[in-house]
Number of protein chains: 2
Amino acid sequence: MVEIEARKEAASRSARLNAVFAALADPTRRAIIERLSRGEARVTEVAEPFHMSLNAVSKHIRVLEASGVIERHRKGRDHILSINTRSLDEVDGWIGRTRHYWEERLDAMEHLLRELKKDPKSGPKDRKHGSR
Amino acid sequence: MVEIEARKEAASRSARLNAVFAALADPTRRAIIERLSRGEARVTEVAEPFHMSLNAVSKHIRVLEASGVIERHRKGRDHILSINTRSLDEVDGWIGRTRHYWEERLDAMEHLLRELKKDPKSGPKDRKHGSR
């Protein structure tokens with residue numbers, strides 16, 4: 001049972017990552033997020049700087065809402081948009097984990113290169129006593 | 001001239017971000033990156049764990065190559081794949097900048113909430129002397 005739950009959780013996390021990455025793959029949608037990262041705003045305020053119809057911007061906003069990157073709440077007659085930081089945390093987490101692996105790998109390679117430079121004749125295999 | 005160059009650079013950075021985010025919006029492609037983040041590998045090694053044809057995996061690999069996330073070099077008869085860390089740095093940079101804004105915003109809101117809790121009767125506007 002625990003395993004099934006864990007798999008379900010992994011599957012829905014993966015689905016969320018798909019949606020967030022796809023949402024971020026568009027310059028207008030990234031510009032909307034950049035705008036909202038400076039503070040929540042009305043839909044009309046968000047749409048204003050773009051050279052496109054309110055309808056076109058609204059479509060991008062709906063993609064962002066569906067991905068969970070932004071949220072909408074009503075304040076009287078206005079629709080207010082804001083960023084949902086948790087969704088971007090998840091993306092950041094994925095990149096961070098991947099980066100962690102490759103940075104360790106790069107560190108190991110750098111270390112090896114330094115060792116080889118110190119003593120070009122001996123590779124890491126036939127080295128008897130290491131000198132860090 | 002400097003402005004034109006800066007605009008060209010911004011446009012190509014934006015195009016790269018589009019391609020990288022689109023590349024990351026697929027679970028198979030993210031799994032390939034996770035595999036390569038543990039070290040470079042042959043195409044056949046990368047394809048092995050997936051329940052799909054080599055041809056299907058190759059298509060995903062080509063999308064990742066086109067986005068600049070991974071690179072290919074030949075070693076004798078083998079095609080070796082590795083991660084190009086700079087492309088993911090760019091994605092990380094974009095998220096980092098966006099995060100920076102909203103974290104400042106969240107900090108400011110938290111500060112305001114703390115102030116209001118201390119003295120629920122006075123809002124920030126009619127406060128005479130602040131007490132941090």
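A few points on the structure. (Residues numbered from 1 in each chain as written. Chains lettered and ligands numbered in written order. Predicted model: local features only at pLDDT ≥ 70, side-chain atom pairs only at ≥ 80, totals over all residues. Heavy atoms only, no water.)

1. Thoughts on the sheet that holds strand 3 (residues 78-83) of chain B
Residue and element names in this part refer to chain B.
- One open sheet accounts for three strands, arranged 1-3-2; its pairing is antiparallel. Edge strands, defined here as strands with exactly one partner in the open sheet, are strand 1 (41-42) and strand 2 (70-75).
- One ladder, built from six bridges, connects strand 2 with strand 3; its direction is antiparallel. For histidine 73, the partnering residue across the bridge sits in strand 3 and is isoleucine 80.
- Taken strand by strand, helix 4 (residues 54-67) contacts strand 2 and strand 3, and its axis lies near 110° from that of strand 2. (Pairing = 2+ DSSP bridges. Helix = DSSP H or I, 4+ residues; strand = E, 2+ residues; numbered from the N terminus. Contact = heavy atoms within 4.5 Å. Axes fitted to C-alpha atoms, helices over the stretch in contact; angles between N-to-C directions.)

2. So, helix 1 (residues 2-24) of chain A
- Taking 1.5 Å as the rise per residue, helix 1 of chain A with 23 residues should run 33 Å; its terminal C-alpha atoms sit 33 Å apart, in good agreement.
- Looking at helix 1 of chain A, one finds that the buried residues are Leu17, Val20, Phe21, Ala23 and Leu24 of chain A. (Expected span 1.5 Å × (residues − 1). Buried < 20%, exposed > 50% of the residue type's maximum accessible area, 1.4 Å probe, protein only.)

3. Some remarks on the packing of aromatic side chains
- The final tally for this structure, using the stated rule, is three aromatic pairs over all chains.
- A centroid spacing of 6.0 Å and a plane angle of 80° characterise the contact between phenylalanine 21 of chain A and tryptophan 94 of chain A, whose relative ring orientation is edge-to-face. Remark: tryptophan 94 of chain A occurs in helix 5 (residues 85-118) and phenylalanine 21 of chain A occurs in helix 1; sequence separation between them is 73 residues. Tryptophan 94 of chain A carries the same exposure label as phenylalanine 21 of chain A, and that label is buried.
- Three or more aromatic residues joined by ring pairs form one cluster here, namely Phe21 and Trp94 of chain A together with Phe21 and Trp94 of chain B. (Phe/Tyr/Trp six-rings, centres within 6.5 Å; stacked < 30°, edge-to-face > 60°.)

4. As for the sheet that holds strand 1 (residues 41-42) of chain A
Residue and element names in this part refer to chain A.
- The sheet built from three strands is open, its strands ordered 1-3-2 with antiparallel pairing. Looking along the sheet, the strands with just one partner apiece sit at the ends: strand 1 and strand 2 (70-75).
- Of the strands in this sheet, strand 2 and strand 3 (78-83) are in contact with helix 4 (residues 54-67), which crosses strand 2 at around 110°.

5. Notes on helix 4 of chain B
Residues and elements named next belong to chain B.
- Taking 1.5 Å of rise per residue, 14 residues should cover 20 Å, and helix 4 covers 20 Å from first to last C-alpha, within 8% of that figure.
- Taken together, the buried positions of helix 4 are Val57, Ser58, His60, Ile61, Leu64 and Ser67.
- As for helix 4, its buried residues are in contact with helix 1 (2-24), helix 2 (27-37), helix 3 (43-47), strand 2 and strand 3.
- Just downstream of helix 4, glycine 68 is the residue with a positive phi angle, here 90°.

6. Some words on the pattern of salt bridges
Residue and element names in this part refer to chain B.
- The final tally for this structure, using the stated rule, is 18 salt bridges over all chains.
- When the shortest N-O distance is used, the salt bridge between glutamate 9 and arginine 13 registers 3.9 Å. Taken as a pair, glutamate 9 and arginine 13 lie in helix 1 at a separation of four residues, close to a single helical turn.
- Glutamate 9 gets classed as partly exposed once you look at its relative accessible area, which sits at 36%.
- Residue arginine 16 pairs with glutamate 9 through a salt bridge whose shortest N-O separation is 3.7 Å. (Salt bridge = Lys/Arg side-chain N within 4 Å of Asp/Glu carboxyl O.)

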